[in-house]
Amino acid sequence: GNCTDILDLDPHDFTFLKTATDAARPHIELWKIAVHWKESEAEWMMKPFAATFTKPGVAKTRIVPWLGSLQSLISGFQRSKFYGLESVVQLLQRAIKAFTKHLPTIELLRHKGIKKRHWHEMLGSDRYRTDMSLSEILDCNVPFQKVVGVSRRAMHEYEVEERLQKVQELLLSTMFTL
């Protein structure tokens, strides 16, 4: 026969295990989100900015699902009357939402058009280093309007440089076909 015969075990009903697993699932989910958030926050804040935020929306694509999951966990904990866990979820939500206020700044600063001179203009030439972390950049307390102004100009310059490059390529290809 079956597995219990081969191993010489008594047959057992394992439904309690499924019940326990189902009951533990929201707690495990909360723990996973907390761990992923703390790891990501440390990476985003402490590693060099230029290497960390290489793709657009890298932080947002993680944060949005976390906040959604936390919202559904909190309602589940409220229904189950786990009020202690509800406060843990709220603490986590506050921490993540506090970070999200930096997302517009991150998106502006990671544009391809931002060159060394733009960083110098925002942070001061004595403060800027290529390996600066987001935490160090934020510690410079650059007003958001200044970040917006400098990055918009950098984006405009970048677009002009791109168009000039295309015109040059067009001229070169035209010169050889004459």
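Source: prediction; values computed, not measured.

**A few points about helix α7 (residues 116-123)**
Among all positions in α7, only H118, W119, M122 and L123 are buried. Mapping the buried residues of α7 onto a view down its axis gives an arc of 110°, with all of them on the same face. Immediately downstream of α7, the backbone of G124 shows phi near 95°, a positive value.

**Focus: the packing of aromatic side chains**
By the definition in use, this model includes nine aromatic pairs. With a centroid separation of 5.2 Å and an interplanar angle of 25°, the aromatic rings of W44 and F99 are classed as stacked. Residue W44 is located in helix α2 (residues 15-46), and its partner F99 is located in helix α5 (residues 83-100); the two are separated by 55 residues in the primary sequence. Assessed through its relative accessible area of 3%, F99 is described here as buried. Judged by centre distance (5.9 Å) and plane angle (75°), the rings of F49 and W119 are edge-to-face. One end of the pair, F49, is in helix α3 (residues 49-52); the other, W119, is in helix α7, and 70 residues separate them in sequence. Assessed through its relative accessible area of 4%, F49 is described here as buried. Members of the aromatic cluster, connected to one another through ring pairs, are W37, W44, W66 and F99.

**Thoughts on the pattern of salt bridges**
Applying the stated criterion across every chain yields a total of 10 salt bridges. For K18, the salt bridge identified is with D22, shortest N-O distance 2.8 Å. With K18 and D22 both in helix α2 and four residues apart, the pair spans about one turn of that helix. Residue E159 pairs with R163 through a salt bridge whose shortest N-O separation is 3.9 Å. Taken together, the residues E159 and R163, both in helix α9 (residues 144-177) and four residues apart, mark about one turn of the helix. Here E159 falls in the partly exposed class, since its relative accessible area comes to 41%. Each of R117, E121, R153, E157 and E161 takes part in a single network of salt bridges with overlapping partners.

Rules used throughout
Residues numbered from 1 in each chain as written. Predicted model: local features only at pLDDT ≥ 70, side-chain atom pairs only at ≥ 80, totals over all residues. Heavy atoms only, no water. Buried < 20%, exposed > 50% of the residue type's maximum accessible area, 1.4 Å probe, protein only. Helix = DSSP H or I, 4+ residues; strand = E, 2+ residues; numbered from the N terminus. Arc of directions from axis to C-beta. Phe/Tyr/Trp six-rings, centres within 6.5 Å; stacked < 30°, edge-to-face > 60°. Salt bridge = Lys/Arg side-chain N within 4 Å of Asp/Glu carboxyl O.

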